[in-house]
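# Residue-level structure breakdown
This is what each chain is made of:
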Amino acid sequence: MATGQCSKEINIQKEKLENFIQNREQWAVLIPGYLHHEILNENDMIWVFQGDFGIIQKAVKVELKIKKSDAHQVLFDLEGLSDPINGDGSFEIKQNQGESPQLTGNLTMKASGFLAGLMNPVLDNFVPRLVEQLVEAMALQVAKE
(Lines give C-alpha, C1' and ligand atoms only; values in the text may rest on other atoms or scores of the structure.)
Protein backbone atom coordinates (compact mmCIF):
# COMPACT_ATOMS: atom_id res chain seq x y z
CA MET A 1 0.00 0.00 0.00
CA ALA A 2 1.43 3.37 -1.02
CA THR A 3 1.33 5.99 1.72
CA GLY A 4 2.21 9.66 1.88
CA GLN A 5 2.10 12.23 4.65
CA CYS A 6 3.06 15.88 4.75
CA SER A 7 2.71 18.54 7.46
CA LYS A 8 3.02 22.25 7.00
CA GLU A 9 2.87 25.02 9.59
CA ILE A 10 0.86 27.97 8.28
CA ASN A 11 1.02 31.41 9.84
CA ILE A 12 -2.72 32.20 9.79
CA GLN A 13 -5.67 32.02 12.16
CA LYS A 14 -6.76 28.47 12.89
CA GLU A 15 -10.39 29.29 12.01
CA LYS A 16 -9.37 30.43 8.54
CA LEU A 17 -7.60 27.11 7.93
CA GLU A 18 -10.59 25.19 9.31
CA ASN A 19 -12.94 26.99 6.92
CA PHE A 20 -10.59 26.23 4.04
CA ILE A 21 -10.43 22.47 4.57
CA GLN A 22 -14.21 22.28 4.98
CA ASN A 23 -14.72 23.76 1.49
CA ARG A 24 -13.71 20.85 -0.77
CA GLU A 25 -14.00 22.95 -3.92
CA GLN A 26 -11.21 25.24 -2.69
CA TRP A 27 -8.68 22.45 -2.37
CA ALA A 28 -9.92 20.14 -5.14
CA VAL A 29 -8.51 22.49 -7.77
CA LEU A 30 -5.07 22.37 -6.11
CA ILE A 31 -4.41 18.67 -6.69
CA PRO A 32 -1.35 18.33 -8.96
CA GLY A 33 -2.46 17.69 -12.53
CA TYR A 34 -6.00 18.95 -11.81
CA LEU A 35 -8.33 18.69 -14.81
CA HIS A 36 -11.80 19.09 -13.29
CA HIS A 37 -14.09 17.99 -10.48
CA GLU A 38 -17.77 17.42 -9.92
CA ILE A 39 -19.70 17.72 -6.67
CA LEU A 40 -22.14 14.81 -6.46
CA ASN A 41 -23.69 15.66 -3.08
CA GLU A 42 -22.77 16.94 0.36
CA ASN A 43 -20.26 14.14 0.97
CA ASP A 44 -19.16 12.88 -2.45
CA MET A 45 -17.23 14.41 -5.32
CA ILE A 46 -15.33 13.22 -8.37
CA TRP A 47 -11.76 14.35 -9.03
CA VAL A 48 -10.17 14.04 -12.44
CA PHE A 49 -6.46 14.76 -12.64
CA GLN A 50 -3.53 14.03 -14.92
CA GLY A 51 -1.38 11.52 -13.09
CA ASP A 52 2.35 11.52 -13.82
CA PHE A 53 3.44 7.96 -13.14
CA GLY A 54 7.01 8.25 -14.39
CA ILE A 55 6.97 7.05 -17.99
CA ILE A 56 3.15 7.00 -18.10
CA GLN A 57 0.88 10.01 -17.91
CA LYS A 58 -2.85 9.46 -17.88
CA ALA A 59 -6.10 10.96 -16.68
CA VAL A 60 -7.21 9.43 -13.41
CA LYS A 61 -10.79 9.64 -12.18
CA VAL A 62 -11.54 8.97 -8.51
CA GLU A 63 -14.56 9.43 -6.29
CA LEU A 64 -13.83 11.09 -2.97
CA LYS A 65 -16.30 10.08 -0.26
CA ILE A 66 -16.24 12.07 2.98
CA LYS A 67 -16.38 9.74 6.01
CA LYS A 68 -16.08 12.42 8.69
CA SER A 69 -15.83 16.16 8.59
CA ASP A 70 -15.53 18.55 11.51
CA ALA A 71 -13.77 21.83 12.13
CA HIS A 72 -10.27 20.39 12.47
CA GLN A 73 -10.42 17.21 10.38
CA VAL A 74 -11.67 15.77 7.09
CA LEU A 75 -11.50 11.98 6.59
CA PHE A 76 -12.27 10.47 3.20
CA ASP A 77 -12.20 7.31 1.11
CA LEU A 78 -11.12 7.20 -2.53
CA GLU A 79 -12.58 4.85 -5.10
CA GLY A 80 -11.00 4.59 -8.52
CA LEU A 81 -13.48 5.10 -11.33
CA SER A 82 -11.06 4.93 -14.25
CA ASP A 83 -8.62 2.45 -12.70
CA PRO A 84 -8.85 -0.18 -9.93
CA ILE A 85 -7.17 2.08 -7.36
CA ASN A 86 -8.68 2.61 -3.92
CA GLY A 87 -7.56 4.26 -0.74
CA ASP A 88 -8.25 6.75 1.99
CA GLY A 89 -6.88 9.96 3.36
CA SER A 90 -7.31 12.91 5.64
CA PHE A 91 -6.52 16.53 6.29
CA GLU A 92 -6.05 17.46 9.91
CA ILE A 93 -5.32 20.71 11.72
CA LYS A 94 -3.38 20.76 14.97
CA GLN A 95 -2.18 23.73 16.96
CA ASN A 96 -0.02 23.84 20.03
CA GLN A 97 -0.43 26.79 22.35
CA GLY A 98 1.42 29.83 21.05
CA GLU A 99 2.22 28.27 17.68
CA SER A 100 0.77 28.60 14.20
CA PRO A 101 -1.69 25.91 13.10
CA GLN A 102 -0.27 22.92 11.29
CA LEU A 103 -1.99 21.21 8.36
CA THR A 104 -1.25 17.50 7.90
CA GLY A 105 -2.34 15.59 4.82
CA ASN A 106 -2.33 11.79 4.60
CA LEU A 107 -3.11 9.54 1.65
CA THR A 108 -2.99 5.79 1.16
CA MET A 109 -3.67 4.14 -2.19
CA LYS A 110 -3.53 0.59 -3.49
CA ALA A 111 -4.11 -0.85 -6.93
CA SER A 112 -5.96 -4.11 -7.43
CA GLY A 113 -6.68 -6.35 -10.37
CA PHE A 114 -4.34 -7.77 -12.96
CA LEU A 115 -2.21 -4.60 -13.18
CA ALA A 116 -1.67 -4.32 -9.41
CA GLY A 117 1.83 -5.80 -9.67
CA LEU A 118 2.83 -2.98 -12.03
CA MET A 119 0.80 -0.15 -10.49
CA ASN A 120 1.62 -0.53 -6.78
CA PRO A 121 5.38 0.14 -7.18
CA VAL A 122 4.50 3.22 -9.26
CA LEU A 123 2.06 4.38 -6.58
CA ASP A 124 4.81 4.00 -3.95
CA ASN A 125 6.60 6.92 -5.64
CA PHE A 126 3.53 8.84 -6.81
CA VAL A 127 1.48 9.07 -3.59
CA PRO A 128 4.07 10.72 -1.27
CA ARG A 129 4.90 13.29 -3.96
CA LEU A 130 1.18 13.98 -4.58
CA VAL A 131 0.48 14.55 -0.88
CA GLU A 132 3.47 16.86 -0.47
CA GLN A 133 2.56 18.95 -3.51
CA LEU A 134 -1.11 19.19 -2.48
CA VAL A 135 -0.40 20.21 1.13
CA GLU A 136 2.16 22.80 -0.06
CA ALA A 137 -0.37 24.21 -2.56
CA MET A 138 -3.09 24.30 0.10
CA ALA A 139 -0.78 26.15 2.51
CA LEU A 140 0.09 28.74 -0.15
CA GLN A 141 -3.52 29.22 -1.20
CA VAL A 142 -4.97 29.64 2.29
CA ALA A 143 -2.16 32.04 3.28
CA LYS A 144 -2.99 34.25 0.26
CA GLU A 145 -6.67 34.56 1.12
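All values derive from a computational prediction rather than experimental measurement.

## A word on the overall build of the protein
What the protein contains, in helices and strands, is three helices and seven strands. Each helix and strand of the protein, placed in order from N terminus to C terminus, yields the pattern β-α-α-β-β-β-β-β-β-α. Here the C-alpha radius of gyration of the protein, 15 Å, is about what a compact globule of 145 residues would show, namely 15 Å. Projected onto the principal axes, the alpha-carbon positions of the protein cover approximately 50 × 30 × 25 Å. Classification of the 145 residues of the protein by burial places 43% in the buried group. In the protein, the share of contacts with a sequence separation of at least 24, taken over all contacts with a separation of at least 6, comes to 45%. For the protein, the accessible surface area stands at approximately 7700 Å², while carbon and sulfur atoms represent 47% of it. Across the protein, the 13 positively charged side chains and the 20 negatively charged ones have centroids separated by 2 Å.

## A word on the packing of aromatic side chains
Across all of its chains, the model carries five aromatic pairs by this definition. Consider the rings of Trp 27 and Trp 47, whose centres lie 5.8 Å apart with planes at 80 degrees: the pair is edge-to-face. Placement of the pair is Trp 27 in helix 2 (residues 24-28) and Trp 47 in strand 3 (residues 44-53), with a sequence separation of 20 residues. Assigned by exposure class, Trp 27 and Trp 47 land together as buried. Considering the side-chain rings of Phe 49 and Phe 126, the 6.3 Å spacing of their centres and the 5 degrees angle between planes classify their relative orientation as stacked. On the criterion of sequence distance, the pair formed by Phe 49 in strand 3 and Phe 126 in helix 3 (residues 116-144) is long-range, its members being 77 residues apart. A relative accessible area of 3% means that Phe 49 is categorised as buried. Given the relative accessible area of 6%, Phe 126 is considered buried. Here the aromatic residues Trp 27, Trp 47, Phe 76 and Phe 91 are joined through ring pairs into a cluster of three or more.

## A word on the pattern of salt bridges
Taken as a whole and assessed by the stated rule, the structure comprises five salt bridges. Of the charged contacts, one joins Lys 65 and Glu 79 as a salt bridge, the two residues approaching to 3.0 Å between their closest N and O atoms. Of the two residues, Lys 65 sits in strand 4 (residues 56-70) while Glu 79 sits in strand 5 (residues 73-80), which places them 14 residues apart along the sequence. For Glu 79, a relative accessible area of 32% corresponds to the partly exposed category. In this structure, Asp 70 and Lys 68 form a salt bridge, with 3.7 Å as the shortest nitrogen-oxygen distance. Residue classification places Asp 70 among the partly exposed residues on the basis of a relative accessible area of 23%. A relative accessible area of 39% means that Lys 68 is categorised as partly exposed.

## Observations regarding the side chain of Glu 63
Mapping Glu 63 onto the fold places it in strand 4. Contacts of Glu 63, omitting those with residues within four sequence positions, involve Leu 40, Asp 44, Met 45, Ile 46, Asp 77, Leu 78, Glu 79 and Leu 81.

## As for helix 1 (residues 14-22)
Among all positions of helix 1, only Leu 17, Glu 18, Phe 20 and Ile 21 are buried. When helix 1 is viewed along its axis, its buried side chains cluster within an angular range of 160 degrees and face the same direction. Against helix 2, strand 5, strand 6 (85-94), strand 7 (102-111) and helix 3 lie the buried residues of helix 1.

Definitions and limits used
- Residues numbered from 1 in each chain as written.
- Predicted model: local features only at pLDDT ≥ 70, side-chain atom pairs only at ≥ 80, totals over all residues.
- Heavy atoms only, no water.
- Helix = DSSP H or I, 4+ residues; strand = E, 2+ residues; numbered from the N terminus.
- Rg over C-alpha atoms; globule rule 2.2 N^0.38 Å.
- Buried < 20%, exposed > 50% of the residue type's maximum accessible area, 1.4 Å probe, protein only.
- Contact = heavy atoms within 4.5 Å.
- Areas by Shrake-Rupley, 256 points an atom, 1.4 Å probe, with all protein chains shown as cover.
- Lys, Arg positive; Asp, Glu negative; His and termini not counted.
- Charge placed at Lys NZ, Arg CZ, Asp CG, Glu CD.
- Phe/Tyr/Trp six-rings, centres within 6.5 Å; stacked < 30°, edge-to-face > 60°.
- Salt bridge = Lys/Arg side-chain N within 4 Å of Asp/Glu carboxyl O.
- Arc of directions from axis to C-beta.

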